[in-house]
Amino acid sequence: MFKWIHRFGSSPFVYRTANWLAPVFGIGAAVCILVGLYLGLVVAPADYEQGDSYRIIFVHVPSAWMSMFVYMVMATSSAVFLIWRMKLADIVAWASAPIGASFTLIALLTGAFWGKPMWGTYWIWDARLTSELLLLFIYLGYMALRSSIEQPQTAARAAAILAVVGVVNIPIIHFSVEWWNTLHQPATITKLDKPSMHISMLRPLLLMVAGFQLLYFHQLMVRVKTGILQREARTAWVAELVADNRV
Amino acid sequence: MTPKRKQRLMLVALMLVGVSVAVVFLLKAFNSNIMLFKSPSDIVAGDIQEGSRFRIGGMVVEGSVKRNDTDLSVEFQLTDTANKVPVTFTGILPDLFSEGQGIVAMGSLNNSGTFVASEVLAKHDENYMPPEVADALKKAGKMPGTSVNYGGSTVVQP
């Protein structure tokens, strides 16, 4: 039943798959983000209370969502690597860390820029903002831990344990606005409830979320390719790729 | 699954459970410190020492905002719909500050029970809509009320 999964143990197969998926995701991301930005910044009306300042959510919400999604991918693949010692799972986790860190940083920065005119402050140590900052530190810690251990196998295992342990922060970020009182507002879009947002604003937001998701997959494919080439630099099939100028 | 993998799976699961339990206890212990603000009811109940600095959160009572003509000082009442606390503040208020709006203020209680704020932040709610839709909802009396979450219990002001 799980025969197909063994193909993902073959580096040339994964490399070829990532190679054709990367531009597919890239084009999808570009279309979603360009249309989303146009609908969000030009077509969508101003908010009744915040005026045009609310438009920063078209970047803030997708990157905050991605900061958690990427972490879940990283933690899951780290667990798979720890249990089954699957090489590809480790490459996915390694590839995801800087992408996730970037999304987290964008979420924190855009939030700060919005916070100053709306709340009256760039930063407040409330549960949501603090746990999101902690997520950035976990990402940075993961990358630092990986690069500080010389032996690649040991580095991969140590970093994977950190990634798995750090996953407890994800529900804390998500539920922080419900468990405690915070300055940050509760979620606008939840699965169970009708979104508290007008459809003209919701459409570009969902498009941007899809665009950021595809952007992550695009970057993941590009970095997975790099990861495979680095690890397999001395193999015959990579030498062949280089000889044919196809890298 | 080989026994070795089963063992590693158990190890990862145990690690996750252990860390989760530890974090739950930690967060429970610090619960009141993680809360960003106290509600007007907490203050009326008298769990706060006079002069200690803390944050208060609530909704600005409609019709209670009194601005001074000569300087930047402003007085208003803050409510969680159950109790009210008078607040004074001197300085520039955030753009979103208005009657009925949720706010969070930092400061301390003086001896007459007034909260003297040194900083006022506006709390935004999760509702987004164009001005025309907001007007239409207001006319129909269906405007979603501003809500303030007190950590577990959400108070909605219609």
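Everything below is about the structure printed above this text.
Okay, so let's go over this structure.

Take the overall build of chain A next. Within chain A, the regular secondary structure consists of eight helices and zero strands. When the elements of chain A are put in sequence order from the N terminus, they spell out α-α-α-α-α-α-α-α. Considering chain A as a whole, with its 247 residues, one finds that 49% of them fall into the buried category. The long-range fraction of contacts in chain A, counting pairs at least 24 apart against all pairs at least 6 apart in sequence, stands at 75%. Total accessible area computed for chain A in this model is approximately 11,900 Å², and 70% of it derives from carbon and sulfur atoms.

This brings us to the pairing of strand β4 (residues 84-90) of chain B. All names here are of chain B. Residues Val-85, Val-87 and Phe-89 point to one face of β4 and are all buried, whereas Lys-84, Pro-86, Thr-88 and Thr-90, pointing to the other face, are not buried. Relative to β4, strand β3 (residues 73-79) runs antiparallel, the two being bridged by seven bridges. Directly across from Leu-78, in β4, lies its bridge partner Val-85. Counting the residues in the hairpin turn of β3 and β4 gives four residues, including Thr-81, whose phi is positive at 75°. Looking at chain direction, β4 and strand β6 (residues 115-122) are connected through three bridges and run parallel. Note that in β6 the partner of Thr-88 across the bridge is Val-116.

This next bit is on the interface of chain B and chain A. Taken together, the contact between chain B and chain A spans 41 residues of the former and 46 residues of the latter. When chain B packs against chain A, the two sides together hide about 3,800 Å² of surface, and 64% of this comes from carbon and sulfur. Of all residues in chain B, the largest losses of buried area upon contact with chain A belong to His-124, Glu-126 and Tyr-128 of chain B, amounting jointly to 19% of the total for that side. The tally of links between chain B and chain A comes to zero salt bridges. In this structure, the connection of chain B to chain A is made through 13 residue pairs in polar contact (both at pLDDT 80 or more). Broken down by secondary-structure element, the contributors of at least two residues to the side of chain B that touches chain A are α1 (3-29), α2 (31-34), β6 and α4 (131-140) of chain B.

The next subject is the environment of Ala-163 of chain A. Residues and elements named next belong to chain A. Mapped onto the secondary structure, Ala-163 falls in helix α5 (residues 152-166). With relative accessibility at 0%, the residue Ala-163 sits in the buried group. Counting along the chain gives 39 residues from Ala-163 to Leu-202, while the straight-line C-alpha distance between them is 33 Å. When sequence neighbours within four positions are dropped, the list of residues in contact with Ala-163 reads Tyr-71, Met-74, Ala-75, Ser-78 and Tyr-142.

A few words on the packing of helix α2 (residues 57-84) of chain A against α1 of chain B. Two numbers describe a pair of packed helices, the interaxial angle and the distance between the axes. One can describe the packing of α2 of chain A onto α1 of chain B by two numbers: an axis separation of 8 Å at closest approach and a directional angle of 140°. Here α1 of chain B runs oblique to α2 of chain A, going by the angle between their axes. Packed against α2 of chain A, whose contacting residues are Ala-79, Leu-82, Ile-83 and Trp-84 of chain A, the element α1 of chain B presents Arg-5, Arg-8, Leu-9 and Val-12 of chain B at the interface. Each residue belonging to the contact of α2 of chain A with α1 of chain B can be placed in one class, and the counts come to six nonpolar, no polar and two charged.

Procedures and definitions
- Residues numbered from 1 in each chain as written.
- Chains lettered and ligands numbered in written order.
- Predicted model: local features only at pLDDT ≥ 70, side-chain atom pairs only at ≥ 80, totals over all residues.
- Heavy atoms only, no water.
- Helix = DSSP H or I, 4+ residues; strand = E, 2+ residues; numbered from the N terminus.
- Buried < 20%, exposed > 50% of the residue type's maximum accessible area, 1.4 Å probe, protein only.
- Contact = heavy atoms within 4.5 Å.
- Areas by Shrake-Rupley, 256 points an atom, 1.4 Å probe, with all protein chains shown as cover.
- Pairing = 2+ DSSP bridges.
- Buried area = accessible area lost by both parts, 1.4 Å probe.
- Salt bridge = Lys/Arg side-chain N within 4 Å of Asp/Glu carboxyl O.
- Polar contact = N/O pair within 3.5 Å; in protein donor to acceptor, adjacent residues only side chain to side chain.
- Axes fitted to C-alpha atoms, helices over the stretch in contact; angles between N-to-C directions.
- Parallel < 35°, antiparallel > 145°, perpendicular 65-115°, else oblique.
- Nonpolar A, V, L, I, M, F, W, Y, C, P; charged D, E, K, R; others polar.

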